[in-house]
Amino acid sequence: MSAETTAATGGPSAGLPPALAEIVEDFHAVSEPERLQLLLDFSRGLPALPDRYAEHPELLEPVPECQSPIFLLTEVDEDEARTVHLFFSAPAEAPTTRGFAGILAEGLDGLPAAEVLDVPGDVCSRLGLDRAVSPLRLRGMTGMLGRIQRQVRETTTA
Amino acid sequence: MTVITDPSPELAEYAHPERLVTTQWLADNLGAPGLVVVESDEDVLLYETGHVPGAVKVDWHTDLNDPVTRDYVDGAAFADLMSRKGISRDSTIVVYGDKSNWWAAYALWVFTLFGHQDVRLLDGGRAAWLAEDREVTTDVPAPERTEYPVVERQDEAIRAFVPDVLAHLGQGPLVDVRSPEEYTGERTHMPAYPEEGALRGGHIPTAVSVPWARAAAEDGRFKGRAELEKIYRDEKGITEGDDVIAYCRIGERSSHTWFVLKHLLGHDQVRNYDGSWTEWGNAVRVPIATGTEPGEAPARRS
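Residues numbered from 1 in each chain as written. Chains lettered and ligands numbered in written order. Predicted model: local features only at pLDDT ≥ 70, side-chain atom pairs only at ≥ 80, totals over all residues. Heavy atoms only, no water.

(A) Region of the structure containing the overall build of chain A. Scanning chain A for helices and strands turns up eight helices and three strands. A compact globule built from 158 residues should have a C-alpha radius of gyration of about 15 Å, and chain A, at 15 Å, falls within 12% of that. Summarising its shape, the C-alpha atoms of chain A cover approximately 40 × 40 × 20 Å along the three principal directions. The buried share of chain A, reckoned over its 158 residues, is 49%. Here the analysis covers contacts within chain A between residues at least 6 apart in sequence; of these, 64% occur between residues at least 24 apart. When the accessible surface of chain A is split by element, carbon and sulfur atoms take 55% of a total near 7,300 Å². Within chain A, one finds 12 positive and 25 negative side-chain charges whose respective centroids are separated by 8 Å. (Helix = DSSP H or I, 4+ residues; strand = E, 2+ residues; numbered from the N terminus. Rg over C-alpha atoms; globule rule 2.2 N^0.38 Å. Buried < 20%, exposed > 50% of the residue type's maximum accessible area, 1.4 Å probe, protein only. Contact = heavy atoms within 4.5 Å. Areas by Shrake-Rupley, 256 points an atom, 1.4 Å probe, with all protein chains shown as cover. Lys, Arg positive; Asp, Glu negative; His and termini not counted. Charge placed at Lys NZ, Arg CZ, Asp CG, Glu CD.)

This is how it looks when you write it as structure tokens:
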């Protein structure tokens, strides 16, 4: 099912950029226990920081809404679309938080700034993880998205 | 069927050494008939990344809390959970987890609400097991379903509610195990933790501040009995026969302290106020003290 048809029927991936919509649909396509495994896959797939940030952790912004330490940073290219790149740092002992970061990295990295800013704030509650992960924990992911959007907004309006 | 108590000399000094096991004991007893190992973590995915061979997962949020009411699951849901995990009423349960066993202690406390007799903690938790490079696996066991009986929770003995705490003020020790900043009222949540929405900051009047981590050694294991007595008895004046209530923010860190007071120091009457600051800091017209002093018990309303 494409993002467009889902948007028309108002499903959980409605109004999301294609990569993020696909992730949401992937989560809904599997059972609840399998959703945890999928989240773990995203956790494992989170790219490591490039050297320029790995050596300068102070450049990254902490996300206190998460129960585990995570830091994030956005870059916005000077191209016409103002392409956004995302960088995350979270320890291996925090796989849930890493998983959230992995979803945002795969779903948002490389998008134009305007599309990143348009992502609805409730996207984290659309993954179908409320029962498997709990709404309280999902608030951490909402906190990450909010900080990404704020950083992008500050950069593009500066 | 219960499994033999860990005879390790380092545990013998505690009031109830049968409530703790060492990593070596657990390694030696994995697979023993009647033993079920339970992992209970803050991070809901940590178990999936690798766990003690044969261990089953119990999540504090999705398994132990009622999804609607702010309360624990009822007897039927608990019986179903235990049956699915292959636990019988007479099983020996060893719980371990991340964060120095916060959630493991919480699970142990909830299991105790249901009167499960033999439930123990792995001293040092998940971190100690991993630090010693002991075996881990991602294989999830599929235990044969048991018939755990439906037992109604007995909250009175070890769980306190707001009216209990109000009645307790001035009558016995109250222990606030949160960070110093939460105690004084500077902040309403743990440093670097999510804001969970308490409208007021401070502590319950008369509560003494003993951050939970003071009971833990550098490696996450419990401190020795003499060190624990120095903190809770000599420094804070909690003596034998006292009726004690501990609280934190949502009841998990205070489960750790509850375990210390109840099982390691042997106080008979210890209750965990699990509503803790997320309830007290939002409740209307309950007394609150701010700053570093415990504060006075308020005059009783007639």
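(B) Quick look at the layout of surface pockets. What the second largest pocket holds in volume is close to 510 Å³. Taken together, 29 residues line the second largest pocket, and the ones lying closest to its centre are Glu-93 and Ala-94 of chain A together with Leu-46, Asp-98 and Arg-126 of chain B. Broken down by secondary-structure element, the contributors of at least two residues to the lining of the second largest pocket are helix 3 (32-45) and helix 5 (95-108) of chain A together with helix 6 (125-131) of chain B. Tallied by class, residues from the lining of the second largest pocket come to 13 nonpolar, seven polar and nine charged. (1 Å grid on protein atoms, 1.4 Å probe; cavity = no way out; pocket = protein on both sides within 12 Å on 5 of 7 lines; lining within 4 Å. Points joined across faces, edges and corners; volume = space filled by probe spheres on them. Nonpolar A, V, L, I, M, F, W, Y, C, P; charged D, E, K, R; others polar.)

(C) A look at unusual backbone geometry. Residue and element names in this part refer to chain B. Its identity is not glycine, yet Lys-99 carries a phi of approximately 50°, on the positive side. Of note, Lys-99 is situated in the loop between strand 4 (92-96) and helix 5 (102-113). The exposure class assigned to Lys-99 is partly exposed, which follows from its relative accessible area of 31%. Positive phi is not limited to glycine here, since Arg-285 has a value of about 65°.

(D) Region of the structure containing the sheet that holds strand 2 (residues 35-39) of chain B. All names here are of chain B. Taking strand neighbours across the sheet as the criterion, the five strands line up as 1-5-4-2-3 in an open arrangement whose pairing is parallel. Among the strands making up the open sheet, the edge pair consists of strand 1 (20-21) and strand 3 (56-57). Where strand 2 meets strand 4, five bridges bridge the pair, whose relative direction is parallel. Note on strand 4: the bridge partner recorded for Leu-35 is Thr-92. (Pairing = 2+ DSSP bridges.)

(E) Highlighting the confidence of the model for chain A. Model confidence for chain A is summarised by a mean pLDDT of 88, while 92% of its residues fall at 70 or above. Per-residue pLDDT stays below 50 along residues 1-8 of chain A; that stretch engages in twelve contacts with residues further than four places along the chain or on separate chains. (pLDDT = per-residue confidence, 0-100.)

(F) Molecular detail of the interface of chain A and chain B. Opposite the 23 residues of chain A that make contact, chain B presents 19 residues. For the pair chain A and chain B, the two sides together bury roughly 1,600 Å², of which 55% comes from carbon and sulfur. Linking chain A with chain B are one salt bridge, by the criterion used here. One salt bridge in this structure joins Asp-59 of chain B and Arg-137 of chain A, with 3.0 Å as the shortest N-O distance. In this structure, the connection of chain A to chain B is made through four residue pairs in polar contact (both at pLDDT 80 or more). Breaking the side of chain A that touches chain B down by element, the ones donating at least two residues are helix 3, helix 5, helix 7 (130-133) and helix 8 (135-157) of chain A. For the side of chain A that touches chain B, the element with the most residues is helix 3 of chain A, which contributes five residues. Residue composition of the side of chain A that touches chain B, by class: eleven nonpolar, six polar and six charged. (Buried area = accessible area lost by both parts, 1.4 Å probe. Salt bridge = Lys/Arg side-chain N within 4 Å of Asp/Glu carboxyl O. Polar contact = N/O pair within 3.5 Å; in protein donor to acceptor, adjacent residues only side chain to side chain.)

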